[in-house]
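Fold and contact review
Spelled out from the first residue to the last, the chains are:
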Amino acid sequence: MPTPALDQRHPSPTRRLSLVLGTTLMITAAAASVSASATHLTTVAPEPLDAPTAVVAVPGNNTARIVWTPPVGIDPLETSFQVTARPGGQTLLVPGTATGATVRFLTNGTAYSFTVAALTFDDIGVPSVPSSPVTPQNVCTVLGTPGDDVLTGTPGDDAICGLGGDDTLRGGGGSDTFVGGPGVDTVD
């Protein structure tokens with residue numbers, strides 16, 4: 001029977017022992033005797049990662065912006081976050097330094113809730129409590145056609161959206177947002 005190797009880099013009274021599978025180790029110290037067998041190895045699972053908190057979703061056009069508070073004590077350089085949409089199960093993975101993400105390609109008019117879980121190389125954490133449901137909507141206040149259009153906003157705040165073709169997008173005042181579609185769009 002092979003003898004277990006003692007790691008001599010750690011002097012007494014503590015010694016580090018390495019066991020080879022199939023060997024038995026007997027240690028006698030003072031009046032106590034301990035034995036261990038290397039035929040059965042036990043692994044200790046890491047502590048589960050806590051769930052992110054304060055998950056909030058804000059709807060957009062076919063999108064939702066999700067923000068959260070990371071769990072205390074995580075290493076952002078060794079952690080990622082997984083955002084999951086329900087229904088559909090679409091997931092998005094972002095770095096551990098992020099506290100928000102935008103989930104894209106959602107269906108306008110469908111209510112979604114979102115959970116966030118921390119991930120490491122070894123483990124996926126407990127998912128957060130779901131966000132309140134949000135419903136993405138078409139947020140365009142001035143909407144073009146699939147053809148060529150000249151789109152002009154109102155004196156207020158507008159989201160001016162070209163749908164296709166070669167569009168000219170003109171603000172009418174206020175804080176306007178321009179969203180182009182397929183084709184060549186020009187902002188005047």
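Heads up: the structure comes first, above all this text.
Model, not experiment: these values are computed from the prediction.

On to the side chain of Asp-167. In this fold, Asp-167 is placed in the loop between strand S13 (159–161) and strand S14 (168–170). No salt bridge forms around the buried Asp-167; measuring N to O, its nearest opposite-charge neighbour Arg-170 is 12 Å away. Among the polar contacts listed, one links the side chain of Asp-167 to the backbone nitrogen of Asp-149, at a separation of 2.9 Å. Look past the residues within four positions of Asp-167 in its chain and what remains in contact with it is Gly-147, Asp-148, Asp-149, Gly-162, Val-184, Asp-185 and Thr-186.

Another point: the sheet that holds strand S5 (residues 53–59). An order of S5-S6-S9 is seen for the three strands of this open sheet, with the pairing classed as antiparallel. Of all the strands in the sheet, just S5 and strand S9 (100–103) have a single pairing partner and so form its edges. Averaged over all pairs of adjacent strands, the angle between their axes in this sheet comes to 20 degrees, without regard to strand direction. Bridging between S5 and strand S6 (residues 64–69) involves five bridges; their strand directions are antiparallel. Considered in S6, the bridge of Pro-59 is made with Ala-64.

Let's shift gears to the nonpolar core. Membership of the largest hydrophobic core comes to 19 residues, with the highest contact counts inside it found for Ile-66, Trp-68, Val-83, Leu-106, Phe-114 and Val-116. Residues in contact with Leu-106, not counting those within four places in the same chain, are Asn-62, Thr-63, Ala-64, Ala-85, Gln-90, Tyr-112, Phe-114 and Pro-136.

On the surface, a nonpolar cluster with roughly 220 Å² of combined accessible area is contributed by Val-56, Val-58 and Val-67. The residue Val-58 is located in strand S5 in this model. Overall, Val-58 belongs to the partly exposed group, its relative accessible area being 47%.

Following Arg-86, the chain continues into Pro-87 via a peptide bond in cis, with omega recorded as 5 degrees. Note that Pro-87 resides in the loop between strand S7 (80–86) and strand S8 (91–95). Here Ala-54, not a glycine, exhibits a phi torsion of approximately 50 degrees, which is positive. Along the chain, the position of Ala-54 falls in strand S5. Even without being glycine, Phe-105 reaches a positive phi, approximately 65 degrees. Among the secondary structure elements, Phe-105 is positioned in the loop between S9 and strand S10 (113–119).

Thresholds applied
Residues numbered from 1 in each chain as written. Predicted model: local features only at pLDDT ≥ 70, side-chain atom pairs only at ≥ 80, totals over all residues. Heavy atoms only, no water. Helix = DSSP H or I, 4+ residues; strand = E, 2+ residues; numbered from the N terminus. Buried < 20%, exposed > 50% of the residue type's maximum accessible area, 1.4 Å probe, protein only. Lys, Arg positive; Asp, Glu negative; His and termini not counted. Salt bridge = Lys/Arg side-chain N within 4 Å of Asp/Glu carboxyl O. Polar contact = N/O pair within 3.5 Å; in protein donor to acceptor, adjacent residues only side chain to side chain. Contact = heavy atoms within 4.5 Å. Pairing = 2+ DSSP bridges. Axes fitted to C-alpha atoms, helices over the stretch in contact; angles between N-to-C directions. Core = buried A, V, L, I, M, F, W, Y, C linked by side-chain atoms within 4.5 Å. Patch = residues over 30% accessible without salt bridge, like charges linked within 9 Å, V, L, I, M, F, W, Y side chains within 5 Å. Areas by Shrake-Rupley, 256 points an atom, 1.4 Å probe, with all protein chains shown as cover.

That's the geometry; what it means functionally is another story.
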